[in-house]
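Here is how the chains run, residue by residue.
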There are 2 protein chains.
Amino acid sequence: MISELILKSSKELWATCIPHLSVDNVIFGFHDTQLKVLLLQTSFGKQWLLPGGYVRKDENLNDAVKRVLKERTGAENIFLEQFATFGDVNRSEAFFKDYPDDLWHKQRFISTSYYALVDYTQVLPLTDDFSAICTWVNVEDIPELVMDHSLILERALEILREQLIYKPIGLNLLPKEFTLTELQRLYEAVLGVKLNRGNFYRKIMKYGVLIKLDNIRRGGAHKSPDLYKFDEEKYTASLKTYNW
Amino acid sequence: MISELILKSSKELWATCIPHLSVDNVIFGFHDTQLKVLLLQTSFGKQWLLPGGYVRKDENLNDAVKRVLKERTGAENIFLEQFATFGDVNRSEAFFKDYPDDLWHKQRFISTSYYALVDYTQVLPLTDDFSAICTWVNVEDIPELVMDHSLILERALEILREQLIYKPIGLNLLPKEFTLTELQRLYEAVLGVKLNRGNFYRKIMKYGVLIKLDNIRRGGAHKSPDLYKFDEEKYTASLKTYNW
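Since this is a predicted model, take the numbers as computed values, not measurements.

**Quick word on the overall build of chain A**
Part 1 of the reasoning: Helices and strands together make up the secondary structure of chain A, namely six helices and nine strands.
Part 2 of the reasoning: Dimensions of chain A, computed from the C-alpha atoms along their principal axes, are close to 65 × 40 × 30 Å.
Part 3 of the reasoning: Across the 244 residues that make up chain A, the buried fraction comes to 32%.
Part 4 of the reasoning: A separation threshold of at least 6 residues defines the contact pool for chain A, and within that pool the share at least 24 residues apart is 70%.

**A short note on the domain arrangement of chain A**
All names here are of chain A.
Part 1 of the reasoning: Domain annotation for chain A reports domain 1 (4–165) and domain 2 (167–239).
Part 2 of the reasoning: One C-alpha centre belongs to domain 1, the other to domain 2, and the line joining them spans 30 Å.
Part 3 of the reasoning: Taken together, the contact pairs 11 residues of domain 1 with 11 residues of domain 2.
Part 4 of the reasoning: The dominant element in the side of domain 1 that touches domain 2, judged by the number of residues it contributes, is helix 3 (residues 149–166), at four residues.
Part 5 of the reasoning: A per-class count over the side of domain 1 that touches domain 2 returns six nonpolar, three polar and two charged.

**Describing the interface of chain B and chain A**
Size of an interface, as often reported, equals the accessible area lost when the parts are brought together.
Part 1 of the reasoning: Contacts between the two partners involve 28 residues from chain B and, on the opposite side, 28 residues from chain A.
Part 2 of the reasoning: Of all the secondary structure elements, the ones that give two or more residues to the side of chain B that touches chain A are strand 1 (17–31), helix 2 (61–73), strand 5 (81–86), strand 6 (110–118), helix 3 (149–166) and helix 4 (180–191) of chain B.
Part 3 of the reasoning: Take the side of chain B that touches chain A: its biggest share by element is five residues, from helix 3 of chain B.
Part 4 of the reasoning: Classifying every residue of the side of chain B that touches chain A gives 15 nonpolar, seven polar and six charged.

**Regarding the packing of helix 4 (residues 180–191) of chain A against helix 5 (residues 197–206) of chain A**
Residues and elements named next belong to chain A.
Part 1 of the reasoning: Remark: helix 4 packs on helix 5, axes separated minimally by 11 Å, with the N-to-C direction vectors making an angle of 95°. Compared by their axis directions, helix 4 and helix 5 come out roughly perpendicular. Two secondary-structure elements touch here, helix 4 through Leu-180, Leu-183, Gln-184 and Tyr-187 and helix 5 through Arg-197, Phe-200, Tyr-201 and Ile-204.
Part 2 of the reasoning: Its residues assigned to classes, the contact of helix 4 with helix 5 shows six nonpolar, one polar and one charged.

**Overview of the relation of the copies chain B and chain A**
Part 1 of the reasoning: The two copies are related by a screw operation: chain B maps onto chain A through 180° of rotation and 0.0 Å of translation along the axis, at an RMSD of 0.0 Å. The transformation relating the two chain copies, once decomposed into turn and shift, fits a two-fold axis.
Part 2 of the reasoning: Both copies contact each other with a shared surface, as 100% of the interface residues of chain B are interface residues in chain A too.

**A word on the environment of His-149 of chain A**
Residue and element names in this part refer to chain A.
Part 1 of the reasoning: Along the chain, His-149 turns up in helix 3.
Part 2 of the reasoning: Looking at His-149, the number of C-beta atoms within 10 Å reads 24, which means it is buried.
Part 3 of the reasoning: Along the backbone, His-149 and Leu-49 are 100 residues apart, and their C-alpha atoms lie at a distance of 6.5 Å.
Part 4 of the reasoning: Apart from residues lying up to four places away in sequence, His-149 is in contact with Asp-24, Leu-49 and Leu-50.

Conventions used here
Residues numbered from 1 in each chain as written. Chains lettered and ligands numbered in written order. Predicted model: local features only at pLDDT ≥ 70, side-chain atom pairs only at ≥ 80, totals over all residues. Helix = DSSP H or I, 4+ residues; strand = E, 2+ residues; numbered from the N terminus. Buried ≥ 20, exposed ≤ 12 C-beta atoms within 10 Å, placed from the backbone. Contact = placed C-beta atoms within 7 Å. Domains from an automatic or database assignment. Nonpolar A, V, L, I, M, F, W, Y, C, P; charged D, E, K, R; others polar. Axes fitted to C-alpha atoms, helices over the stretch in contact; angles between N-to-C directions. Parallel < 35°, antiparallel > 145°, perpendicular 65-115°, else oblique. Least-squares fit on C-alpha atoms with pLDDT ≥ 70 in both.

Structure (structure tokens):
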């Protein structure tokens, strides 16, 4: 199926952007014990994909990725971390096989990919001309994605799991105040396994990044659990520590 | 200074490679308690740089980086790991400012960078038409490098230090059989600090990747130290473990 929108955008992209280079974003959010990813569905082919785009001729790569995310999802001020560049022949060309050969999008593209951990409540997904849907999807229920986007998402998840081993996570994925159970659910959602409560408590306390709050959450039927917040200074320092 | 060699190569590169994309390699070796990096010096301007090159139109990114390394240094069968893509405006363009504007090399390039840990004795540096020198340089004595290559090297070192926290290293950097002191020197060289011998011994043993050998190294004036080798199966498994 040929999209007029794609044909129209091709000419402008040749004039303004660097050919052969694209960026893709894997945006993780956490809500209701579920790890989620922000996905788009194309307005023309009803296909699912990661929010991505191209690099302008006068734009740093790291700035392009922020602009692309804002334009395609409305999300701003998100800390994006580069994690891999995907460069196999035919990773994206075939997706545009029905189009003329001089179409911008049909050229070979190498994609530099970024991921972010965001507060689920701070991102209100928006659509644009190219996307009929922009929404959060549970990582356990990811639909088929276009091109090599499933591979990109899988690699982002691997990186997230790897980082979990030696760095705390949660600062941007949880609300400001949270219970240890909520933090444990986040770790379980990322790792995809259930953790023993006692072991989890001991390990998380070893980072020294949690502050126990005096107030507790009201209203539950059970004994109200203690609330914690991150000590942001210690949290940030622990991300930069290379103590062996 | 204009190099005829660069002018000549420009036309061929436009015909065979993807514009705007380059690859750079940071090759680490270890010898005589020193961590070293493989560097080239240009034959025309006597400037130091990392071995790098371009991606052919029909070539996967990960294959390009291996070919480039072989062509420029003679090194083969090296396991290269991608670590970052550098894409600031003007990271490389200014280096070719004296050349015509349509020169291949003078276009904006985004560089995907790889690093490798190699057995120092297995790489015999070679030069080519573009490089007058190809040699190992101690990481403590790195000369000024062209473009943003100092930044690329610094980032590779950071990644190596980060990995050291949760993964063993040494399999490709040390000879097959080694003493614990030699292994400790490697860790110290990467981290840039002295480590306490007892602490080092306890931590390294926790990985469970070392096998103590029956033979010992002969010939020293002092008591011969025990020799170890890596249990390659357990070593490889520990690289893939995401146990939190």
